[in-house]
Amino acid sequence: MWEMVNNRRVIFGENKIKEIPQILQWYGLKKVFFVSGKSNAPLRQHLKDQLEESGFDVVIYDSISKEPDLDVINEGKDLFVSSCCDCTLAFGGGSVIDAAKTIGMMATNGGLAQEYQMEGRQVTVLPPFFIAVPTTAGTGAEATKVAVVKNNHNGLKKSLYHNTMIADIVILDPTALIGSPERLTAATGMDTLSHAVESYVSLNATPISEMYGLKAIRLIKRSLENSYRDPSDIAAKGDMLLASYFGGCAISAGIGIAHIMAQPLGAMFDIPHGDACSIFLPLAMEYNLDAATAKYRDIAEALGVSDRNLSDRENALRAVEEVKRLRSAIEAPDSLTPYIKGRQPAIGTIIETVQKTTGHVSCNPRKVDAATFGKMFDLAL
Ligand SMILES: [Fe+2]
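All of these numbers come straight from a predicted model, not from anything done at the bench.

Colleague: Go over the nonpolar core, please, and point to the residues and values.
Modeller: Leu 193, Ile 217, Ile 257, Met 261, Phe 280, Ile 299 and Leu 336 are the most contacted members of the largest nonpolar core, which has 106 residues in total. A total of nine residues in this core trace back to one element, the largest contributor, which is helix α10 (residues 273–288). Mapping this core onto the domain boundaries places at least three of its residues in each of domain 1 (9–177) and domain 2 (182–380). Within the second largest apolar cluster, 22 residues are counted, among which are Leu 24, Phe 34, Ile 169 and Ile 171.

Colleague: Outline the domain arrangement of the protein, supporting the account with residue identities and numerical values.
Modeller: The domains assigned to the protein are domain 1 (9–177) and domain 2 (182–380). On a C-alpha basis, the centroid separation for the pair domain 1 and domain 2 is 27 Å. Facing the 20 residues of domain 1 at the interface are 21 residues of domain 2. Across the interface of domain 1 and domain 2, roughly 1700 Å² is buried in total on both sides, 72% from carbon and sulfur atoms. The tally of links between domain 1 and domain 2 comes to zero salt bridges. Run the count over domain 1 and domain 2 and you get four residue pairs in polar contact (both at pLDDT 80 or more).

Colleague: Give a detailed account of the sheet that holds strand β2 (residues 31–36), specifying residues and quantitative values.
Modeller: Spatial strand order, β1-β8-β5-β4-β2-β3: six strands in an open sheet with parallel pairing. With one partner strand each, in any of the chains shown, β1 (9–12) and β3 (57–61) form the two edges of the open sheet. Averaged over all neighbouring strand pairs, the angle between strand axes comes to 20°, with direction disregarded. Along the sheet face, helix α3 (residues 70–82) touches β2, β3 and β4 (87–92) and points at about 165° away from the line of β3.

Colleague: Go over the side chain of Asn 151, please, and point to the residues and values.
Modeller: With respect to the secondary-structure elements, Asn 151 resides in the loop between β6 (146–150) and β7 (157–161). Its relative accessible area of 4% is what places Asn 151 among the buried residues. A polar contact of 3.2 Å, which involves the side chain of Asn 151, links it to the backbone nitrogen of Asn 154. What Asn 151 contacts, discounting residues up to four positions off in sequence, is Leu 70, Gln 117, Met 118 and Leu 156.

Colleague: Tell me what's going on with the side chain of Ser 227, and back it up with residues and numbers.
Modeller: For Ser 227, the location among the structural elements is in helix α7 (residues 207–229). By relative accessible area, which is 2% here, Ser 227 ends up buried. Residues in contact with Ser 227, not counting those within four places in the same chain, are Thr 185, Ala 236, Lys 237 and Met 240.

Colleague: How would you sum up the packing of aromatic side chains? Please name residues and give values.
Modeller: Summed over the entire model, instances satisfying the criterion amount to seven aromatic pairs. Ring centres of Tyr 27 and Phe 129 lie 4.1 Å apart, and the angle between their planes is 35°; on these two criteria the pair is classed as tilted. Residue Tyr 27 is found in the loop between α1 (20–26) and β2, and its partner Phe 129 is found in strand β5 (residues 129–134); the two are separated by 102 residues along the sequence. An aromatic cluster is present here, built from Trp 26, Tyr 27 and Phe 129 joined pairwise through their rings. Above the ring of Tyr 200, the side-chain terminus of Lys 295 is found at 4.8 Å from the ring centroid. The cationic tip of Arg 366 hangs over the ring face of Tyr 287; the distance from NZ or CZ to the ring centre is 3.9 Å.

Colleague: Explain the coordination of the iron ion to me, and be specific about the residues and the numbers.
Modeller: Distances from the iron ion to its protein donors, namely Asp 191 (OD), His 195 (NE2), His 259 (NE2) and His 273 (NE2), fall within the range 2.2 Å. Because the angles between the four donor atoms bound to the iron ion fall within 83 to 167°, the donor set is best described as irregular. Read N to C, the donor residues that coordinate the iron ion are spaced as D-x3-H-x63-H-x13-H. Pair noted here: Asp 191 is in helix α6 (residues 182–201) and His 259 is in helix α9 (residues 257–269), with a separation of 68 residues, a long-range link. Taken individually, Asp 191 and His 259 each receive the classification buried, so the pair is uniform in this respect.

Colleague: Residue-level account of the pairing of β7, with values.
Modeller: Where β6 and β7 come together, five bridges link them in antiparallel fashion. Following the sheet pairing, Lys 150 is matched in β7 by Lys 157. The antiparallel hairpin formed by β6 and β7 contains six residues in its connecting segment, where Gly 155 sits at a positive phi of about 75°.

Calculation criteria
Residues numbered from 1 in each chain as written. Predicted model: local features only at pLDDT ≥ 70, side-chain atom pairs only at ≥ 80, totals over all residues. Heavy atoms only, no water. Core = buried A, V, L, I, M, F, W, Y, C linked by side-chain atoms within 4.5 Å. Buried < 20%, exposed > 50% of the residue type's maximum accessible area, 1.4 Å probe, protein only. Helix = DSSP H or I, 4+ residues; strand = E, 2+ residues; numbered from the N terminus. Domains from an automatic or database assignment. Contact = heavy atoms within 4.5 Å. Buried area = accessible area lost by both parts, 1.4 Å probe. Salt bridge = Lys/Arg side-chain N within 4 Å of Asp/Glu carboxyl O. Polar contact = N/O pair within 3.5 Å; in protein donor to acceptor, adjacent residues only side chain to side chain. Pairing = 2+ DSSP bridges. Axes fitted to C-alpha atoms, helices over the stretch in contact; angles between N-to-C directions. Phe/Tyr/Trp six-rings, centres within 6.5 Å; stacked < 30°, edge-to-face > 60°. Lys NZ or Arg CZ within 6 Å of the ring centre and 35° of its normal. Donors = N, O, S within 2.8 Å, 3.2 Å for Na, K, Ca; no water. Tetrahedral: all angles 85-135°; square planar, octahedral: opposite > 155°, others 65-115°.

Now the structure itself:
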């Protein structure tokens, strides 16, 4: 048994963001709540100008610099409501899109973010019309109904989600990625690869998530290195934007031990999410190898390194080696040590933090427990 929640419409292509005013006009909308970060300034300004020239009122909310917390969400919702906006436009990375999802939901449902995050308050009203335009290729947030929000009171990150929080329309415009810093391209690329691999071997994988996951892996193999080396390679950027979107579609099948470790340790040592995934992905593949050998063989095939004369296990090992090669080709990190800088808490504290955050995840193909968290941490040093 499974179900899949998808966007209503996905538009792919260079300069497709120019269609946004027409789309909003068709829906009869008038006042846009424009959520963004500070990056990609010229394109962001161009989009705002274009909306205003087309007769829209635009309310800018650009306070999203990192993963949104409860205050950012509550403040955004107050601004949305007080300025009487009727739709949401997110232009940014995963944090911006997640913030927009939650602000829109709360604009029609009311209350405070913590009530939905911690107290089980239910979404009962349809959120406003919502367009998402990703400007990084990594999180796949535009393809999901889930938002990760940091709780300012206990420091943990916890998801909020509802079937109606997914963007109505997604615009995948590779021009929005041009000029991304190399470090960001590498980190977000490793995040995408982690979504594709972890969802593919998940115990909750579905025929649809597997299809998206393998396609994402093929696109990453074809274009991650080019996207990293040449920030103006529009074809490579397009592939990575699609891979990120497909990874987001696949991730509804669940995350595994790489994300179980990467999320809390990233928060603890201030490691960008994609870099934390980069450190843990090959370790996770090695840990799970004997529990999902045939699936890792499929991944080796998608990565173009399988050999039909070899056993499944030998091919699975090739998949791990290829992920390590790719990681080093884009100079993504392979160790936690540089991030810890002598601030290493007791292993018990680390295990407890992992357990509190994501340690409950049960779809990893090999059983995980407290001892696993400690072992993975040691291996990542
Ligand atoms: Fe991720």
